[in-house]
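Chain residues, written in single-letter form:
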Amino acid sequence: MRSWTRGILWLSSFTTVLSSLHPECEYIFQLARDEQRCLREITDLGNLSSSSGCLQVWDAVVCWPRAAVGETVHLLCPAVFSLFKNNTGIVSRNCTAGGWSHPFPPYHEACIVEDEIPEESYFATVKLIYTVGYGASLLSLSVAVVILLLFRRLHCARNYIHMQLFFTFILKSVAVFVKDATLFSSEDTDHCTLSTAACKASVVFCHYCVMTNFFWLLVEAVYLNSLLVSDFPRSRRCLWSFALLGWGFPLICIILWICSRLYFEDTECWDINEDSPYWWIIKGPIVVSIGVNFLLFMNIIRILVQKLDPRLIQFNNSAQYRRLTKSTLLLIPLFGTHYMVFNFLPDYFNVSLRLCIELCLGSFQGLIVAVLYCFLNQEVCF
C-alpha cells in the first residue's frame, strides 16, 4: 500500500491530474471512522456486558457484534473494500467458549482486491527515470537559456517565447525535486496527515510551475498558429499579453485556489482533494489548455497541408514553408499532446501507464525542447 500512495503522489506532481483522494488515504480514513463508531458502540453497551458469549470487538477491519457461544456470525466485506473493487464477499467467525475464532475465509481471500498498481520496484524505477530526465532537462535548459541571453542576434519574439517556455520547464524540474524532498524525505512520513507550511508551500509551488508550463505551451501554439495564418504583430504589447497569459493567469488561479483551501479545505498537505470543487480552479484551466492546444495543432497541420500543396507553393517561399513545416512537426509531440491520452479520463485510470507517459516521457520533454530549439537551431553557432 505504501508503494501505491508514493506512486500516486509522484503522479500528482504533474497535475492536471489528480483531483480525488488518494486510495490509501481514503482506506485509512474509512477504517478510522469505522473503528471510532465501533468503539463508541462498545462503550455505550459496556454496562450490558456479561461473562457469557463473545463481546463486541473491533479486529482492525470489521466491528463484530455480540454473539452467543456456538453462534456463527456472517458479515459482508466491509465498505472500505469497495474503494478497490465492488464485491459481495462474506467473512465469518465462530463464537466459542474461548472467544472469537479467526475470520474465515481470511479477509484477503473473501474480499478480493484487484491491485493494478505495480510493485515498489516499479515505482523505484520510475523515480530513477524521471529523476534522470528532469536532471538532464534542468541542465540542458539552463545552458539553452544562457545561450539565448548571451547572443544578441538571437533576441527576437520567437526566441523570447522559447526562453519563457524553457524557464517553465526549469521551474517544473526544480518543483519536482523540491516536492520529492519535502514529501518523500522519510519512509515513515504519513502522507495522509502531513500538514506543514513547507509541505503546503512545495505543493503550491509545484502547481504554479506546472500551470505556467502548460500555458506557455499554449502560447507557443497560438504564436505558431498566428504565423501560419497571417503576418503576426511583434509589438511589445503582444509579448506582454503573452507574458500575462503565461505567468499572470496561472498566478491568479493559484491565489484563488490558496484562498479556497485556507478558508474552506485547510486539510492535510493540500495535495489531497476529496471531490473538491475548488480543485477545478487549477485542473479546469489546464484541461482546457490541453484541449485548445490539441485543436491548434490540428489546425496547424491542416494549414501546412494546404500550403504545401505543390500547385499552391510559389518558388520564392517554398523553402520557408518547408522549414516552418519541419519545425512545427517536430514541436507537435513536445507541446503536451501526450497529455491528451489521459486528459478526459478518470484520475486513476491505468495508473501504471499514466506514470510511464506523464512522468518518464514528460521528464525528458524539456531536454528535447532545448536540443531542438536551441542546440540544433541554425541561428546558434559557437
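A quick note: this is a predicted structure, and the numbers were derived from the prediction, not measured.

Residues and numbers for the confidence of the model for the chain, please.
Here the chain averages 76 in pLDDT, while 67% of its residues score no lower than 70. Taken together, the stretch residues 1-21 has pLDDT below 50 and engages in 95 contacts with residues farther than four places along the chain or on a different chain.

Tell me about the state of the cysteines, and name the residues and values.
Using the criterion set out here, one finds three disulfides in the structure. A sulfur-sulfur distance of 2.1 Å marks the disulfide that ties C54 to C95. The S-S bond linking C54 to C95 shows a torsion near 105°; that makes this disulfide right-handed. Of this pair, C54 sits in the loop between α2 (23-44) and β1 (57-58) while C95 sits in strand β4 (residues 90-96), and the two are 41 residues apart along the sequence. In terms of burial, C54 and C95 fall into one category: buried.

Describe helix α6 (residues 197-229), with residues and values.
Here α6 is 33 residues long and its end C-alpha atoms lie 48 Å apart, about the 48 Å a rise of 1.5 Å per residue gives. With 26 of its 33 residues buried, α6 lies for the most part within the structure.

With reference to specific residues and values, describe the sheet that holds β4.
Reading across the sheet, the three strands line up as β3-β4-β5 and stay open at both edges, with antiparallel pairing between neighbours. The open sheet is flanked by β3 (72-76) and β5 (99-100), the only strands paired with a single partner. In this structure, β4 lies alongside β5, joined through two bridges in antiparallel fashion. In the sheet register, T96 faces β5, and the bridge partner there is G99.

Give me the lowdown on the environment of C253, citing residues and values where you can.
With respect to the element layout, C253 can be found in helix α7 (residues 236-264). C253 sits in the buried class, given a relative accessible area of 5%. Separated by 45 residues in the primary sequence, C253 and Y208 place their C-alpha atoms 8.6 Å from one another.

Could you give me a rundown of the packing of helix α5 (residues 157-183) against α6, with the residues and numbers involved?
Taken N-terminus to C-terminus, the directions of α5 and α6 make an angle of 155°; their axes are 8 Å apart at the nearest point. In this view, α5 runs roughly antiparallel relative to α6, as classed from their interaxial angle. In this structure, α5 meets α6 at a crossing whose hand is left-handed. Among the residues making up the contact of α5 with α6, the classes are represented as 19 nonpolar, seven polar and four charged.

Quick one: what's the story with the nonpolar core, residue by residue and with numbers?
For soluble globular proteins, the rule of thumb is that nonpolar side chains tend to be buried together. Core analysis: the largest hydrophobic core is formed by 32 residues, its most contacted members being M211, F214, I254, W257, I282, I286 and I300. Residue assignment for this core shows that the elements contributing at least two residues are α5, α6, α7 and α8 (280-307). It is α6 that provides the largest number of residues to this core, a total of 14 residues. Within the second largest apolar cluster, 24 residues are counted, among which are V219, C238, Y373 and C374.

Account for unusual backbone geometry, naming residues and giving values.
Leaving glycine aside, a negative phi is the common case for residues, and trans is the common case for peptide bonds. Following F104, the chain continues into P105 via a peptide bond in cis, with omega recorded as -15°. Relative to the assigned elements, P105 resides in the loop between β5 and α3 (107-110). Positive phi values are uncommon outside glycine, yet A60 reaches one of about 80°. You can see A60 is positioned in the loop between β1 and β2 (63-64).

The rules behind these values
Residues numbered from 1 in each chain as written. Predicted model: local features only at pLDDT ≥ 70, side-chain atom pairs only at ≥ 80, totals over all residues. Heavy atoms only, no water. pLDDT = per-residue confidence, 0-100. Contact = heavy atoms within 4.5 Å. Disulfide = S-S within 2.5 Å. Helix = DSSP H or I, 4+ residues; strand = E, 2+ residues; numbered from the N terminus. Buried < 20%, exposed > 50% of the residue type's maximum accessible area, 1.4 Å probe, protein only. Expected span 1.5 Å × (residues − 1). Pairing = 2+ DSSP bridges. Axes fitted to C-alpha atoms, helices over the stretch in contact; angles between N-to-C directions. Parallel < 35°, antiparallel > 145°, perpendicular 65-115°, else oblique. Left-handed = near helix turned anticlockwise from the far one by under 90°. Nonpolar A, V, L, I, M, F, W, Y, C, P; charged D, E, K, R; others polar. Core = buried A, V, L, I, M, F, W, Y, C linked by side-chain atoms within 4.5 Å.

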